[in-house]
Amino acid sequence: FEGSRENISLLQALFVQKQGEVDFIEYIEQLARSQGLEVAMDTVSVDSPKHISAYGMEYLILNFNVKGSWSRVFNFSRMLQVLPYASNLQAMNLIREGYVGEVGKPQSGVWKGVYTIKVLKKK
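Being a predicted model, the structure only gives us computed values, none of them experimental.

Student: Hey, could you run me through the overall build of the protein chain in this one?
Tutor: Scanning the protein chain from terminus to terminus reveals four helices and four strands. Walking the protein chain from its N terminus toward its C terminus, one meets helices and strands in the order α-α-β-α-β-α-β-β. For the protein chain, the proportion of its 123 residues judged to be buried stands at 32%. For the protein chain, the share of sequence-separated contacts (at least 6 apart) that also reach a separation of at least 24 residues comes to 65%. Summed over all atoms, the accessible surface of the protein chain reaches about 7800 Å², with 52% contributed by carbon and sulfur.

As structure tokens, then:
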């Protein structure tokens, strides 16, 4: 049964823990900042459909956006798809916003990534 306990612990780590919303939000924000992106949370909500509520679970839903260079926004988008959580990237839009740069220097595009992510959370 020792191996079973380890497997259960690994599975438990896939879920946002009860009262762990703030930690998960901070995790996403830190992940964005580690890529050199500006991040802004738009909305955070919880959904408790019957099919998962019966198991003591619910969904934490985040709507947020990041801004930065194309490569950084794209890399962050890839990171969201492989989070170490039971999550689903519900929506992703990558939008070119404009250009930044100093006079006489090459300008680079500013991109905005807009995301909706749903993650399983313990009630």
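The structure having been displayed, the exposition proceeds.
Student: I would appreciate a short explanation of the pairing of strand 2 (residues 57–68) in the present structure.
Tutor: For a regular strand, side-chain orientation follows a simple rule: the groups alternate between the two sheet faces. The buried fraction of strand 2 is high, at 10 of 12 residues. With nine bridges connecting them, strand 1 (residues 38–47) and strand 2 associate as antiparallel partners. The partner of S45 across the bridge, within strand 2, is I61.

Student: Can you help me understand the nonpolar core in this one?
Tutor: Considering soluble globular proteins, one finds that nonpolar side chains tend to be buried as a cluster. In this structure, F24, I28, L62, F64, V66, F76 and L80 are the most contacted members of the largest nonpolar core, which totals 20 residues. Residue assignment for this core shows that the elements contributing at least two residues are helix 2 (21–34), strand 2, helix 4 (70–80) and strand 4 (108–122). Sequence-distant contacts of V66, that is, excluding residues within four places in its chain, are made with A32, L37, E38, V39, V73, F76, W111, K112, G113 and Y115. Formed by five residues, the second largest nonpolar core is a distinct cluster that contains I52, M57, Y59 and L120.

Student: Would you take a moment to explain helix 2 for this structure?
Tutor: The terminal C-alpha atoms of helix 2 lie 20 Å apart, and with 14 residues this matches the ideal 20 Å at 1.5 Å per residue to within 8%. Residues F24, I25, I28, E29, L31 and A32 constitute the buried set of helix 2. Buried residues of helix 2 fall within an arc of 155° about the axis and therefore sit on the same side. The exposed set on the far side of helix 2, more than 90 degrees from its buried face, consists of V22 and D23. Backbone geometry just after helix 2 places G36 at a positive phi near 75°.

Student: Just checking my understanding: could you explain the environment of Y55 for this structure?
Tutor: Relative to the helices and strands, Y55 resides in the loop between helix 3 (50–53) and strand 2. Residue class for Y55 comes out exposed when judged on its relative accessible area of 69%.

Student: I'm lost on the side chain of Q35 in this one. Help?
Tutor: Inspection of the secondary structure puts Q35 in the loop between helix 2 and strand 1. Those residues within four positions of Q35 in sequence are excluded, and the remaining contacts are R72, N75, F76 and M79.

Rules and cut-offs
Residues numbered from 1 in each chain as written. Predicted model: local features only at pLDDT ≥ 70, side-chain atom pairs only at ≥ 80, totals over all residues. Heavy atoms only, no water. Helix = DSSP H or I, 4+ residues; strand = E, 2+ residues; numbered from the N terminus. Buried < 20%, exposed > 50% of the residue type's maximum accessible area, 1.4 Å probe, protein only. Contact = heavy atoms within 4.5 Å. Areas by Shrake-Rupley, 256 points an atom, 1.4 Å probe, with all protein chains shown as cover. Pairing = 2+ DSSP bridges. Core = buried A, V, L, I, M, F, W, Y, C linked by side-chain atoms within 4.5 Å. Expected span 1.5 Å × (residues − 1). Arc of directions from axis to C-beta.

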